[in-house]
Amino acid sequence: MAGVSTRESLLLQQFQSLYGTLPHIVASSPGRVNLIGEHVDYSGFPVLPMAVQYSSFIAAAVIKSKGKDSGRTVRLRNMNSQRFPEETFVLEEGASPLTYGVTFNRANLTWGQYFLAAYVGVLQQLAKDWDSDINQERRKQVLWGKGEEWLLLIDGDVPVGSGLSSSSALVCASAVTVTHLLSTLPESEGNWSGLGRLQLAALTAKCEQYVGAESGGMDQAISLLAKQGVAKLIEFNPIATHDVMLPPQTAFVLANSMKEHSVAGGMYNVRVAECRAAALALAALLRDNAAECGLSPGMVQSLNDLVSGKDGVRATLGQVADAVKGNDVEEGLQRMAQWVDKLLPEGGVLPDQVADLCGLPLAVVESRALSSLPSGCDVASFSLQLRKRARHVYTEASRVHAFRRVCEQTSKAEEGDTIVRLGELMNQSHESCKEDYECSCTELDELVQACRAAGVQGARLTGAGWGGWAVILLDGAQESDVDGFVESLWETHYKQMGERVAGRSREQCLVVTRPAAGARLWNVLKREEVLLLP
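Residues numbered from 1 in each chain as written. Predicted model: local features only at pLDDT ≥ 70, side-chain atom pairs only at ≥ 80, totals over all residues. Heavy atoms only, no water.

Caption draft 1: Focus on the nonpolar core. Formed by 144 residues in total, the largest nonpolar core has its most connected members in Tyr394 and Tyr494. The element that contributes the greatest number of residues to this core is helix α7 (residues 266–288), accounting for 15 residues. Excluding residues within four positions of it along the chain, Tyr394 makes contact with Phe45, Leu282, Leu317, Val320, Ala321, Leu333, Met336, Ala337 and Val340. By size, the runner-up hydrophobic cluster in this structure holds 29 residues, among which are Ala169, Leu246, Leu254 and Ala402. (Core = buried A, V, L, I, M, F, W, Y, C linked by side-chain atoms within 4.5 Å. Buried < 20%, exposed > 50% of the residue type's maximum accessible area, 1.4 Å probe, protein only. Helix = DSSP H or I, 4+ residues; strand = E, 2+ residues; numbered from the N terminus. Contact = heavy atoms within 4.5 Å.)

Here it is as structure tokens:
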């Protein structure tokens with residue numbers, strides 16, 4: 001069918017085989033590779049990712065349930081049914097509007113709950129957008145269902161556990177699907193027109209918290225807002241994007257470490273807690289050492305507001321930097337890193353020590369900074385690394401701005417030098433992730449070292465780390481050089497892994513990629529693309 005890929009065509013055929021009808025729509029949303037800016041988004045700093053050519057796909061149709069005039073049945077099937085078996089959810093009118101009858105079980109997550117996370121998030125936004133005093137009966141029917149069945153078939157080629165954000169791609173594709181299905185119900189006509197890409201980017205970042213990920217918003221923003229051929233610098237609170245034109249001869253290769261990565265809970269959420277605790281402590285220490293640090297009374301007041309939690313604000317390392325910022329962003333971030341080394345304690349710090357540094361009750365520190373620690377852990381005895389985590393965040397945030405600046409200042413004659421400089425920033429990023437953020441692993445470090453030994457310009461882990469993939473920067477002026485590198489790495493690194501790589505092809509381990517476009521919606525019946533709201 002014109003307008004859809006081969007993979008989407010197979011999805012349509014399987015949908016019709018399973019459900020006996022064609023889907024009404026197919027939504028897709030891509031995975032991403034973060035070029036630089038690891039673990040800084042949830043501290044409020046910009047990141048610089050690009051979308052990749054791998055996506056999650058959802059085919060969907062709505063039909064009337066037999067013998068029912070209320071409620072909604074959601075039937076989820078997956079093209080990979082052996083790994084992801086069918087799930088059905090019956091959502092009845094009258095359940096709590098907090099989650100609209102959906103129960104999330106972080107301890108026993110199923111793949112279908114990622115779709116439901118988006119479903120709940122969109123319904124919550126719809127309820128806010130649609131004034132309850134206008135067409136209340138129609139509003140209720142849209143929120144709770146009018147006895148319809150949602151038929152869904154899901155597929156995807158973002159490698160699961162790769163660090164290329166397969167979970168966010170699924171949540172984003174789900175949100176696009178849910179928004180369209182709800183906004184095109186007859187009861188919505190004239191009352192709710194759906195959500196745009198920017199709204200969905202903010203919403204889906206919150207949605208992933210239902211399935212245990214304290215996401216900062218990068219993965220969702222690039223999946224929804226990406227443009228073909230360009231990387232994006234993404235800012236948060238509010239979300240804003242800026243095109244970053246990469247040098248034309250830039251080539252990126254994605255390489256699989258052969259260790260699966262998982263973002264739901266675990267060390268990722270520990271790092272979120274450590275950064276929040278570091279922000280509280282650093283704000284207090286800067287406030288208390290204002291004269292020595294040359295801070296103005298206004299800066300001191302801003303820092304004190306962060307420590308005290310004025311207006312319910314939860315301090316982030318980004319807000320601490322904003323409170324004392326100067327005119328030059330990169331210089332200011334480097335100064336923050338120096339203050340981190342000078343003021344924050346070295347080594348592990350217990351929560352009660354953080355409370356003492358801030359002059360706050362321990363219970364306040366736990367609620368404002370440590371709520372993301374693993375459930376069931378002994379919070380009081382949990383050792384927190386404040387200095388190393390904060391130092392990584394500020395130096396990495398500085399590298400993001402430097403990467404953008406180098407791209408913008410390059411000229412045709414300087415492309416080779418520019419790629420070398422970008423590679424140096426990527427190499428520094430990996431070392432910081434390894435040493436200060438401690439989010440690398442042996443498999444990633446060995447892979448990055450093998451790439452550098454092969455003469456690439458830059459190589460670093462991408463995604464949250466602790467496994468997954470690395471992103472490699474090469475000078476792609478000669479396509480044969482890129483092909484030669486891929487072949488060489490396959491022979492010298494992957495083929496030496498033995499059982500770890502058994503059954504994998506080269507294409508499953510090494511991929512040459514370029515910046516891809518963001519989320520897309522296709523109307524199957526009309527055979528045309530549906531333009532998403534901006």
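Caption draft 2: Region of the structure containing the pattern of salt bridges. Scanning the entire structure with this criterion turns up 30 salt bridges. For Asp155, the salt bridge identified is with Arg7, shortest N-O distance 2.9 Å. Within this pair, whereas Asp155 is found in strand β5 (residues 146–156), its partner Arg7 is found in helix α1 (residues 6–19), the two being separated by 148 residues in sequence. The class for Arg7 is partly exposed, based on a relative accessible area of 32%. Here Asp341 ties to Arg391 by a salt bridge, and the two come within 2.7 Å at their closest N and O atoms. Residue Asp341 is located in helix α11 (residues 329–343), and its partner Arg391 is located in helix α14 (residues 386–409); the two are separated by 50 residues in the primary sequence. On the basis of relative accessible area, Asp341 is assigned to the partly exposed category, the value being 33%. Exposure remark for Arg391: the relative accessible area of 21% places this residue in the partly exposed category. Look at the salt bridges and you will find they share partners, linking Arg271, Glu274, Lys388, Arg389 and Glu438 into a network. (Salt bridge = Lys/Arg side-chain N within 4 Å of Asp/Glu carboxyl O.)

Caption draft 3: Looking closely at the pairing of strand β6 (residues 231–235). Counting buried positions over the five residues of β6 gives four, a clear majority of the element. Hairpin connection from β6 to strand β7 (residues 240–244): four residues lie between these consecutive antiparallel strands, with Asn237 at a positive phi of about 55 degrees. (Pairing = 2+ DSSP bridges.)

Caption draft 4: Spotlight on the sheet that holds strand β11 (residues 458–461). With antiparallel pairing, four strands are arranged side by side in an open sheet as β11-β12-β8-β13. In this open sheet, the two edge strands, each paired with only one partner strand, are β11 and β13 (510–513). For this sheet, the mean angle separating the axes of adjacent strands, direction not counted, is 20 degrees. Seen against the sheet, helix α15 (residues 415–435) touches β8 (250–256), β11 and β12 (469–475) and runs at an angle of roughly 30 degrees to β11. (Axes fitted to C-alpha atoms, helices over the stretch in contact; angles between N-to-C directions.)

Caption draft 5: Geometry of the packing of aromatic side chains. One pass over the structure, following the stated rule, counts eight aromatic pairs. With 4.7 Å between their ring centres and 55 degrees between their planes, Phe15 and Tyr19 make a pair best called tilted. Residue Phe15 and its partner Tyr19 are both found in helix α1; the two are separated by four residues, about one turn of the helix. With respect to class, Phe15 is no different from Tyr19; both count as buried. Measuring from ring centre to ring centre gives 5.9 Å for Trp490 and Tyr494, while their planes differ by 25 degrees; the resulting arrangement is stacked. Each member of the pair, Trp490 as well as Tyr494, carries the same accessibility label: buried. Stacked on the ring of Tyr437, the Lys or Arg Arg271 has its end atom at 5.9 Å from the ring centre. (Phe/Tyr/Trp six-rings, centres within 6.5 Å; stacked < 30°, edge-to-face > 60°. Lys NZ or Arg CZ within 6 Å of the ring centre and 35° of its normal.)

Caption draft 6: Structural context of the state of the cysteines. The final tally for this structure, using the stated rule, is zero disulfides. Note on Cys358: no disulfide assigned, nearest cysteine sulfur contributed by Cys275 at a separation of 14 Å. In this structure Cys377 is a free cysteine whose sulfur lies 16 Å from that of Cys275, the closest cysteine sulfur available. Of the residues examined, Cys377 reaches a relative accessible area of 25% and is grouped as partly exposed. (Disulfide = S-S within 2.5 Å.)

Caption draft 7: The arrangement of the packing of helix α2 (residues 112–129) against helix α5 (residues 197–207) in detail. The contact between α2 and α5 brings their axes to 9 Å, and the two run at 125 degrees. In this view, α2 runs oblique relative to α5, as classed from their interaxial angle. Where α2 crosses over α5, the handedness of that crossing is right-handed. Residues Ala117, Ala118, Gly121, Val122, Gln125 and Asp129 of α2 pack against Gln199, Leu203 and Cys207 of α5. (Parallel < 35°, antiparallel > 145°, perpendicular 65-115°, else oblique. Left-handed = near helix turned anticlockwise from the far one by under 90°.)

No statement about biological role is implied by the geometric values presented.
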